[in-house]
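Close look at the chain arrangement
These are the residues of each chain, in order.
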Amino acid sequence: MPRTVQFTKGSIIFFEGDKDENIYILQSGAVALRSMDLETGTQISEQLRIGEFFGVKSALARMPSLVTASVLVDSVVVQLTVLEFEQMFGSKSIITEKMLRVFSKSLREIHRKMEQFLHSDIIAISPEVGMMMVAQGFYNDGQFKSCCDVLSRILKINPSPSNRESILRLFSDSRGRAEKARLRNQYPQESAAGASASSLNQFSLPAFGRFTKQYKAGDVIISEFEPGETFYLITQGEVQITKCIKDHNKSLDILSSGAFFGEMAILDNSQRSASCIARTDVSCLEFNKENFKTLVLGNPQIVMNLLKLFCKRIYDQNRQFKIILIKEIPARICDVFLMYEELSGGASRRNDGSGSFKRKFNITVNDIASWAAVSQARAKVELLKLMDRGKIEIFEDHMIVSNIHDIRRIVDSYYMKLDSSESNKLP
């Protein structure tokens, strides 16, 4: 049963970095959520209103809190477990829809900050200009089929763009290269194994057949920057989420059966914030805004899964932003290993019974480059330096860190120098 808990002025309900599995509702008094802006280092403070929830993101994502909850005056809060929250509020669509919109706004804000940091010269991007960047990124990455898909979408949105001739030239070139790649069987044709059937049972009825869409490996399902009017549920296969960064499309995530994607644009009527490409042959259900309210917000199990997905994405994107803010590329790349260590919860430790600090990560040079927002060539150079120093071993589909604490010391050393530099600037 939910508990009513009293806190005195000046107390802390939870600190930033704490793993608190509870969700709270402010019943009376005043509580402030405080955090540090990753980019500026300044403190951010948000005072809660009576009746507001807090601690939701960390509890649903099962991750450390991103904020500190400070009690400003004597206060009373209601404390719930995640299960109690699901039972009490999972069917209350007014509350869950509001939460989804708040989380969508938070995720969009992180995306905006990343884009401003990586593209400081770009203030606003039209769909045609942004999608041309995405198409050029696919071309630069050798994904010619995906490049053609995005170029076709540009012309569908605007049949007579100012750069139509450039689009047609790039399309012709990409189509020829895509055909050669197809003949070399570049794209994998097998579909990935499905996820647990329980997450898809509710969509297995014949009535949902009309929503089914099929995509071949390499097909672009969603292009970053295009208007968003539909969202998707994967029923079979894998979908890769990418973001256009400095003329290349960087991988953000790989989704499999049972996962939603494209829902952010539905919630806030905005452009797509990332591209979604069929990594294998994919079968998925396509829904529109009207379906979203009926099928998602009206289904407690689905809406709770979506809330948890949003919370996890917020943590993932916040962590990546923290990585790319590191100015020294070697330390940035080392922080990618630390992120994987955090995500694995120590499960990456080699099971040899020795209690050593050696770690195995199922990660490639391309993965490192994507997370660190650097070119594959630069990532490879820095990784080879680490290998020469005996810090890591590089294999085709994984890497082994000799001592995870050595990697941590490199990152800690960077922050120590940064703190020292900031201290020297003080009057």
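It should be noted that the structure appears before, not after, this text.
In this text the structure is predicted, and so the values were computed from the model without any measurement. (Residues numbered from 1 in each chain as written. Predicted model: local features only at pLDDT ≥ 70, side-chain atom pairs only at ≥ 80, totals over all residues. Heavy atoms only, no water.)

Thoughts on the packing of helix α4 (residues 127–140) against helix α5 (residues 144–157)
- Across the interface, α4 lies against α5 with an axial gap of 7 Å and an inter-helix angle of 165°. Looking at the two axes, α4 sits roughly antiparallel to α5. As α4 packs across α5, the resulting crossing turns out to be left-handed. Of α5, the residues touching α4 (which contributes E128, M131, M132, V134, A135, F138 and Y139) are F144, S146, C147, V150, L151, R153, I154 and I157. (Axes fitted to C-alpha atoms, helices over the stretch in contact; angles between N-to-C directions. Helix = DSSP H or I, 4+ residues; strand = E, 2+ residues; numbered from the N terminus. Parallel < 35°, antiparallel > 145°, perpendicular 65-115°, else oblique. Left-handed = near helix turned anticlockwise from the far one by under 90°. Contact = heavy atoms within 4.5 Å.)

What to know about the sheet that holds strand β16 (residues 392–394)
- With antiparallel pairing, the three strands of this open sheet are ordered in space as β15-β17-β16. In this open sheet, the two strands that pair with only one neighbour each are β15 (359–361) and β16. Neighbour-to-neighbour, the strand axes of the sheet open up by a mean angle of 15°, direction not taken into account.
- Direction of pairing for β16 relative to strand β17 (residues 399–401): antiparallel, over a ladder of three bridges. What sits directly across from I394, in β17, is M399.
- Sitting on the sheet, helix α10 (residues 329–344) touches β15, β16 and β17, and the angle it makes with β15 is about 95°.
- Its contacts with the sheet put helix α12 (residues 376–388) on β16 and β17, and the angle it makes with β16 is roughly 125°. (Pairing = 2+ DSSP bridges.)

Digging into the packing of aromatic side chains
- Applying the stated criterion to the full structure yields 14 aromatic pairs.
- Each ring, one from F231 and one from F260, has its centre 5.9 Å from the other, and the planes form 35°; the classification is tilted. With F231 in strand β9 (residues 230–236) and F260 in strand β12 (residues 260–261), the pair connects residues that are 29 residues apart, well separated along the chain.
- Assessed through its relative accessible area of 6%, F260 is described here as buried.
- A centroid spacing of 5.1 Å and a plane angle of 10° characterise the contact between Y232 and F261, whose relative ring orientation is stacked. Pair noted here: Y232 is in strand β9 and F261 is in strand β12, with a separation of 29 residues, a long-range link. In this structure, Y232 and F261 share a single accessibility class: buried.
- Chaining the aromatic ring pairs together yields one cluster made of F211, F231, F260 and F287. (Phe/Tyr/Trp six-rings, centres within 6.5 Å; stacked < 30°, edge-to-face > 60°. Buried < 20%, exposed > 50% of the residue type's maximum accessible area, 1.4 Å probe, protein only.)

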